[in-house]
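# Summary of the model geometry
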Amino acid sequence: MITFPYKVRRSQRKTAAIHIGRDGVEVRVPVHVKDAWIKQWLTQKQSWILSKLAEQETKVATQTQLKWGQPILFLGEEIPVLLSQGAKVSHRSPQVIFDGTSFQVALHDETQLRPLMEAWFKHQAKQYMTPRAHEIAQDMGVRARLKQVRFRRTKTKWGHCTQHGDLQFNWQIMGAPKGVIDYLICHEVSHLIHPNHSRAFWQTVASWDANYLSHEKWLKDDGFRLTWH
């Protein structure tokens, strides 16, 4: 008996894979694979899946909390979020000041904290990642294929490349070390050349980022710390 819920996603892929993330278990299989085979495979993998689900629960329980005095990641460093001690905060416009060691946040009430920090991070992502994506695309010789760079908070992917040449990133990636951010951009730009995860795709990634394996591992192991609870 399978003791956990799961979703099945069929596509033109050639192999089957199990992905365990914040939204649970997703089985990705070729279109011709039958439900009976999927159930048998999951039954065989059940012990491993349950251990991974337990790890996921631990990550969620230790997820970063956005509140006064608590640190959040920015460019790989833990930065505390502090209420600005400037005079008469209530008479000032809400704002975030990053001094290199802390976020000094001036606002009227605490309910403004999350939207204010989200807007600040999204602005930082636009300022750094948009020109960086164009720069990397230029290095790879695919500048003309890159149409636009967009940002939104997503649940399952840090980045995405559409068939039309649009790149989309989760702006919370700005909490990661700069090398990891650059790797993510490189990864998605490489999809402008190879719309898959073939050997040729990874060779393209490696030609630009020789340390891509360690950067990918950081995202896999520590990416949960970038999402605020």
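Going by the structure above, here's the rest.
Each chain carries its own residue numbering, running from 1 in the direction its sequence is written. Restriction of local features to residues with pLDDT of at least 70 applies here, the model being predicted, together with a cutoff of 80 or more for giving and counting side-chain atom pairs; totals for whole chains, interfaces and linings are based on all residues. Water and hydrogen atoms were dropped before computing side-chain values, which therefore reflect all heavy atoms in the structure.

Before going further, it helps to spend a moment on the sheet that holds strand 7 (residues 103-106). The pairing of strands in a sheet comes from backbone hydrogen bonds and takes either a parallel or an antiparallel form. When DSSP finds at least two bridges between two strands, those strands are taken to pair. Secondary structure elements follow DSSP: runs of H or I no shorter than four residues count as helices, runs of E no shorter than two count as strands, and numbering proceeds from the N terminus. One open sheet accounts for four strands, arranged 4-5-7-6; its pairing is mixed. Both edges of this open sheet fall to strand 4 (71-74) and strand 6 (95-98), since each of them pairs with a single strand only. For this sheet the average axis-to-axis angle between neighbouring strands, irrespective of direction, equals 30°. In this structure, strand 6 lies alongside strand 7, joined through four bridges in antiparallel fashion. Looking across to strand 7, one finds that Gln 95 is bridged to Ala 106. Any two residues whose heavy atoms approach within 4.5 Å at even a single point are treated as in contact. Axis definition: a line fitted to C-alpha atoms, limited for helices to the stretch in contact. Angles are taken between N-to-C directions and run from 0 to 180 degrees. Along the sheet face, helix 3 (residues 113-140) touches strand 4, strand 5 (77-83), strand 6 and strand 7 and points at about 130° away from the line of strand 7.

So, about the sheet that holds strand 10 (residues 166-169). As summarised here, the arrangement of the three strands in space is 8-10-9, forming an open sheet in which the pairing is mixed. Pairing within the sheet leaves two strands with one partner each, and these edge strands are strand 8 (148-151) and strand 9 (159-161). Neighbour-to-neighbour, the strand axes of this sheet turn through a mean angle of 15°, independent of strand direction. Of the strand pairs in this sheet, strand 8 and strand 10 are connected by four bridges, and their pairing is parallel.

For the rest of this paragraph, the subject is the environment of His 160. Residue position: His 160 is located in strand 9. Each C-alpha atom, one on His 160 and one on Leu 219, is 15 Å from the other, the two residues being 59 residues apart in sequence. For His 160, the contacting residues outside a window of four places in its chain are Asp 166, Leu 167, Gln 168 and Glu 188.

Two faces belong to every sheet, and in a regular strand the side chains alternate between them. Both strand 5 and strand 7 contribute to a ladder of three bridges, which runs parallel. In the strand pairing of strand 7, Val 81 is matched with Phe 103. As consecutive antiparallel partners, strand 6 and strand 7 are separated by four residues, and within that stretch Gly 100 has a phi angle of approximately 100°, a positive value.

Right, let's get into the pairing of strand 5. Two elements, strand 4 and strand 5, share four bridges in a ladder whose sense is antiparallel. Looking at the pairing, Pro 71 lines up with Pro 80 of strand 5. Counting the residues between successive antiparallel strands, the hairpin from strand 4 to strand 5 contains two residues, one of them, Leu 75, with a positive phi of roughly 55°.

By convention a nonpolar core is built from buried Ala, Val, Leu, Ile, Met, Phe, Trp, Tyr and Cys residues, the set being connected through side-chain atoms within 4.5 Å. Only protein chains enter the accessibility calculation, which uses a 1.4 Å probe; a residue whose area is less than 20% of its type maximum is buried, one above 50% is exposed, and one in between is partly exposed. Residues Phe 103, Val 105, Met 117, Phe 121, Met 129, Ile 173 and Val 189 are the most contacted members of the largest nonpolar core, which totals 48 residues. Of all the elements, helix 3 adds the most residues to this core, at eleven residues. In terms of nonpolar packing, the next biggest core, distinct from the first, is built from eleven residues, Val 25, Val 29, Trp 41 and Leu 53 among them.

Let us look at the packing of helix 4 (residues 178-190) against helix 5 (residues 199-208). With their axes 9 Å apart at the nearest point, helix 4 and helix 5 run at an angle of 140° to one another. Classified by the angle between their axes, helix 4 and helix 5 sit oblique to one another. Crossing hand, helix 4 versus helix 5: right-handed. For the pair helix 4 and helix 5, contact is made by Asp 182, Tyr 183, Cys 186, His 187 and Ser 190 and by Phe 201, Trp 202, Thr 204, Val 205 and Trp 208, respectively. For this classification, under 35 degrees means roughly parallel, over 145 means roughly antiparallel, 65 to 115 means roughly perpendicular, and everything else is oblique. By convention the crossing between two helices is left-handed if the near helix lies anticlockwise of the far one by an angle smaller than a right angle, and right-handed if it lies clockwise.

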